[in-house]
Amino acid sequence: MNQETKNCKNCKKDFTIESEDFNFYEKIQVPPPTWCTKCRQLRRYAWRNERTLYRRNCDLCGKSTVTIYSPNKPYKVYCNPCWWGDDWDFSSHGKDFDFFKTFFEQFAELQREVPRMALLNKNSVNSEYTNHSGENKNTYLSFSAFDDENVMYGSFIFKSRDCMDCNRIQEKGERLYETIDSRKCYQCQYGIFLRDCSSCFYCYDCHGCNDCFMSSNLRNKSYVFRNKQYTREEYLKKMKDIELSSFIVREGLNKEFTNLIEQDAIHRYVASERNINSIGSLLYDCKNVAKSFELYNAENCKYIYGSTDIKDCMDCYHLGFNSELCYEIQGAVRLSNCKFCHLCYDNMNITYCDTCQNSQNLFGCVSVKKGDYMIFNKKYLKADYEILKDKIIEHMKKTGEYGEFFSPQISPVCYNETQGNFYMPMTKEEVLAKGWHWEENVPGTFSKETILAGAIPDKIVDVPNTYLNEIFSCIDCLKNYNITKNELLFYRKENIPFPRRCPNCRYKRRFDLRPKRELWHRQCVCNKENHGHEGNCQKEFETCYSPDEVIKVYCESCYNKEVY
Ligand SMILES: [Zn+2]
Ligand SMILES: [Zn+2]
Ligand SMILES: [Zn+2]
Ligand SMILES: [Zn+2]
Ligand SMILES: [Zn+2]
């Protein structure tokens, strides 16, 4: 089929469905989308409460548990041991499908009846405050964390240990603090796009470096200080004069680092590496990938956000670990041939499911733990299952529901609790006008601090152990926060001043430093004389840096001439 222009049902703007997209829709037998690419991602964001955590009593054992559902949400919420335990039966909530009602209407009813998992945190030890995570040990307030040990306040951290306040560690991060998009790094602080680096502080886009400070675009260098090469002795002497344990000094260094990124650093048009025939930003080891963001090790994928190890997928958000043939998924791992699912791990052939695990052949199910051939949590014989499933799909095509991800109207979380609040913020009025939901009682207290920010000692050595029992107030948002023992030990060991900002503001700062999940058309800004172009380079490209960002965005060839 040729490409087709449609009007988005949500934003009412025209959008294009490209010809190869139709092949995929045909292959998985879904009608083409009626929402544009951006709105489809917005709809998935509306389902992902990654980091707004509450305490609430388990509706089975009564014990207090950490959960993504505020106490006022109309669901039964079970703590993880209870949800996985044998004291309840998901099939006892089975329902017959009513062809006089819409699918989503009946699905919302089922969601209110079947117990929900407090949060998604599988096979972990002493990691109560982790969500969308698994296989962790002693990990705290971290999200999308897998195979980690002693990681705190991290987001998207894989196979790492002893790291704090980092976003995106692809693998083997150790003793990292405030790094963004790193891979195989050791003992670095405040770094962006670092690979195979150790003991680098305030460095941007450096590979294979050690002992460098406040520098950018370095390859295999040591002892570079403020982008100037020194001998080992000179470097160590210069570093000695920088009091890294002082909060005042660090605030100055942060400003200097921002200036370095904005004025001196060269930015490759997209931060991506080792890809074949792929378009998007922050792609690594991808082949035939289009219009995707933050994707590792993928093949034949399009419109994917924040995913890893997937094949033949479209329109997925946080999908991972050997998943294939998936469409419109949010928050899932190890899926094969699945469509329109939310929070589902380890499944095959499941469609329109929420929080289902270790199952196959499900349609319209909620919280199924290990099921086969079920529709609305009711078990069927294989042949009956296929007939009824096809009948429901026909019904959904008539109601206009088939082919659409779950509406935010029936999302079990409110928009201001979700990642949408960061990536595509909307006001309360805008959210309510769409019939979506807004949480009034988000977690957090104000004015309960027992120590004022101004009274915290400048250097970490002067911070006493009693601070473990104190409450602090964030200098940016004024919200209260406290610290854990592991955290204090980390600050002391790594010579980091006591934080004056709450974990969320720290996350927000890193979030703002990362490239956006969007592509803009732009021209290379290089005007170097020895590059073979006269005056400005004329190359154009799709870049993750918006034209409003007045920074040095270079095409591949100019970047390579300057950096390698
Ligand atoms: Zn739209
Ligand atoms: Zn319980
Ligand atoms: Zn704050
Ligand atoms: Zn150029
Ligand atoms: Zn050039």
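For the structure, see preceding data.
A few points on the structure. Everything numeric here is computed off the predicted structure, so don't read it as measured data. (Residues numbered from 1 in each chain as written. Chains lettered and ligands numbered in written order. Predicted model: local features only at pLDDT ≥ 70, side-chain atom pairs only at ≥ 80, totals over all residues. Heavy atoms only, no water.)

### Here we look at the overall build of the protein chain
Okay, so step 1: A tally of regular secondary structure across the protein chain gives 12 helices and 31 strands.
Okay, so step 2: For 564 residues, the compact-globule estimate of 2.2 N^0.38 gives 24 Å, and the protein chain sits close to it at 25 Å.
Okay, so step 3: Counting only C-alpha atoms and orienting by the principal axes, one finds that the protein chain spans roughly 80 × 65 × 40 Å.
Okay, so step 4: Among the 564 residues that make up the protein chain, the fraction classed as buried is 57%. (Helix = DSSP H or I, 4+ residues; strand = E, 2+ residues; numbered from the N terminus. Rg over C-alpha atoms; globule rule 2.2 N^0.38 Å. Buried < 20%, exposed > 50% of the residue type's maximum accessible area, 1.4 Å probe, protein only.)

### Some details on the coordination of the zinc ion (ligand 2)
For a metal bound by four donors in a tetrahedral arrangement, the ideal donor-metal-donor angle is 109.5 degrees, while six donors in an octahedral arrangement ideally sit at 90 or 180 degrees.
Okay, so step 1: Coordination of the zinc ion (ligand 2) by the protein comes from Cys58 (SG), Cys61 (SG), Cys79 (SG) and Cys82 (SG), over a distance range of 2.3 to 2.4 Å.
Okay, so step 2: What the 4 donor atoms of the zinc ion (ligand 2) show is an angle range of 101 to 117° at the metal, which sorts the shape as tetrahedral.
Okay, so step 3: When the donor residues of the zinc ion (ligand 2) are listed from N- to C-terminus, their spacing reads C-x2-C-x17-C-x2-C. Residue Cys79 shares its accessibility class with Cys82, and that shared class is buried. (Donors = N, O, S within 2.8 Å, 3.2 Å for Na, K, Ca; no water. Tetrahedral: all angles 85-135°; square planar, octahedral: opposite > 155°, others 65-115°.)

### Here's the deal with the environment of Ile483
Okay, so step 1: Among the structural elements, Ile483 can be located in the loop between strand S28 (480–481) and helix H10 (485–494).
Okay, so step 2: The residues touching Ile483, leaving out its near neighbours within four places in the chain, are Tyr467, Leu468, Leu488 and Phe498. (Contact = heavy atoms within 4.5 Å.)

### Points about the pairing of strand S23 (residues 292–354)
Okay, so step 1: Extensive coverage of S23 is indicated by the burial of 50 of its 63 residues.
Okay, so step 2: Where strand S22 (residues 280–290) meets S23, 8 bridges bridge the pair, whose relative direction is parallel. Looking across to S23, one finds that Gly280 is bridged to Ser292. (Pairing = 2+ DSSP bridges.)

### So, the coordination of the zinc ion (ligand 5)
Okay, so step 1: Taken together, Cys526 (SG), His531 (ND1), His533 (NE2) and Cys558 (SG) make up the protein donors of the zinc ion (ligand 5), found 2.1 to 2.3 Å from the metal.
Okay, so step 2: For the zinc ion (ligand 5), the 4 donor atoms in the first shell make angles of 96 to 118° at the metal, so the coordination geometry reads as tetrahedral.
Okay, so step 3: Within one chain, the residues serving as donors to the zinc ion (ligand 5) are arranged as C-x4-H-x1-H-x24-C.
Okay, so step 4: Separating the zinc ion (ligand 5) from the zinc ion (ligand 4) is a gap of 4.2 Å, which Cys558 spans by donating to each of them. Within this pair, whereas His533 is found in the loop between strand S29 (520–523) and strand S30 (540–543), its partner Cys558 is found in helix H12 (residues 556–563), the two being separated by 25 residues in sequence.
Okay, so step 5: Accessibility expressed as a relative area gives 15% for His533, which makes it buried.

### Concerning the packing of aromatic side chains
Okay, so step 1: Across all of its chains, the model carries 63 aromatic pairs by this definition.
Okay, so step 2: Considering the side-chain rings of Phe103 and Tyr352, the 5.2 Å spacing of their centres and the 55° angle between planes classify their relative orientation as tilted. Here Phe103, found in helix H4 (residues 103–113), pairs with Tyr352, found in strand S23; they are 249 residues apart in sequence, far enough to count as distant. A single burial state applies to Phe103 and to Tyr352, both of which are buried.
Okay, so step 3: Between Phe213 and Phe225, the aromatic rings sit 4.9 Å apart at their centres with planes inclined by 20°, giving stacked as the arrangement. Taken together, the residues span a long stretch of sequence, with Phe213 in strand S18 (residues 210–216) and Phe225 in strand S19 (residues 224–225) at a distance of 12 residues.
Okay, so step 4: Judged by relative accessible area, which is 0%, Phe213 ranks as buried. (Phe/Tyr/Trp six-rings, centres within 6.5 Å; stacked < 30°, edge-to-face > 60°.)

### Description of the sheet that holds strand S25 (residues 372–375)
Okay, so step 1: Ordered in space as S22-S23-S24-S25-S26, the 5 strands form an open sheet in which the pairing is mixed. Each edge of the open sheet is held by one strand with a lone partner, namely S22 and strand S26 (378–379).
Okay, so step 2: Here 2 bridges tie S25 to S26, and the two strands are oriented antiparallel to one another. Bridge pairing in S26 places Ile375 opposite Lys378.

### Focus on the pattern of salt bridges
Okay, so step 1: If you walk through the whole model with that rule in mind, you get 48 salt bridges.
Okay, so step 2: As a salt-bridge pair, Glu294 and Arg168 come within 3.0 Å of each other at their nearest N and O atoms. Of this pair, Glu294 sits in strand S23 while Arg168 sits in strand S14 (residues 167–169); the two residues are 126 residues apart in sequence, bridging distant segments of the chain.
Okay, so step 3: Note on Glu294: relative accessible area 2%, which makes it buried.
Okay, so step 4: Salt-bridge contacts for Arg219 lead to Asp205; the nearest nitrogen and oxygen are separated by 3.2 Å. (Salt bridge = Lys/Arg side-chain N within 4 Å of Asp/Glu carboxyl O.)

### Details of the nonpolar core
Okay, so step 1: Counting residues in hydrophobic clusters, the biggest one holds 160 residues, and the most contacted among them are Phe103 and Phe213.
Okay, so step 2: Not counting the four nearest positions on each side in its chain, Phe213 is found in contact with Phe201, Tyr202, Cys203, Val224, Phe225, Arg226, Asn227, Tyr235, Met239, Ile242 and Leu253.
Okay, so step 3: Listed in part, the 17 residues of the second largest apolar core include Val151, Cys163, Cys197 and Leu218. (Core = buried A, V, L, I, M, F, W, Y, C linked by side-chain atoms within 4.5 Å.)

### Section: the pairing of strand S17 (residues 198–207)
Okay, so step 1: Within S17, 9 of the 10 residues are buried, which leaves the element mostly enclosed by the surrounding structure.
Okay, so step 2: Pairing of strand S16 (residues 189–195) with S17, which is carried by 5 bridges, proceeds in the parallel orientation. Residue pairing across strands places Gly191 opposite Cys203, the latter belonging to S17.
Okay, so step 3: Bridge analysis of S17 against S18 gives 5 bridges, and the strand direction is parallel. Bridge pairing in S18 places Cys200 opposite Cys212.

### Remarks on the environment of Asn421
Okay, so step 1: By the element assignment, Asn421 lies in helix H8 (residues 420–423).
Okay, so step 2: Residues Asn421 and Arg268, 153 residues apart in the sequence, show an inter-C-alpha distance of 28 Å.

### Structural notes on the side chain of Thr543
Okay, so step 1: Mapped onto the elements, Thr543 comes out in strand S30.
Okay, so step 2: What makes Thr543 buried here is its relative accessible area of 0%.
Okay, so step 3: Setting aside residues up to four positions removed in sequence, Thr543 forms contacts with Tyr269, Val270, Glu518, Leu519, Trp520, Arg522 and Val553.

### Looking at H10
Structurally, the α-helix is built with 3.6 residues per turn, so residues lying three or four positions apart point the same way.
Okay, so step 1: Along H10, the positions that sit buried rather than exposed are Glu487, Leu488, Phe490, Tyr491 and Glu494. All buried residues of H10 fall inside an arc of 160° around its axis, so they share one side. Facing away from the buried side of H10, by more than 90 degrees, are the exposed residues Lys485 and Lys493.
Okay, so step 2: As for H10, its buried residues are in contact with strand S11 (149–152), strand S13 (161–164), strand S15 (177–183), S16 and helix H11 (503–513).
Okay, so step 3: At the exit of H10 stands Asn495, carrying a positive phi of roughly 65°. (Arc of directions from axis to C-beta.)

Shape descriptors only; they carry no functional weight alone.
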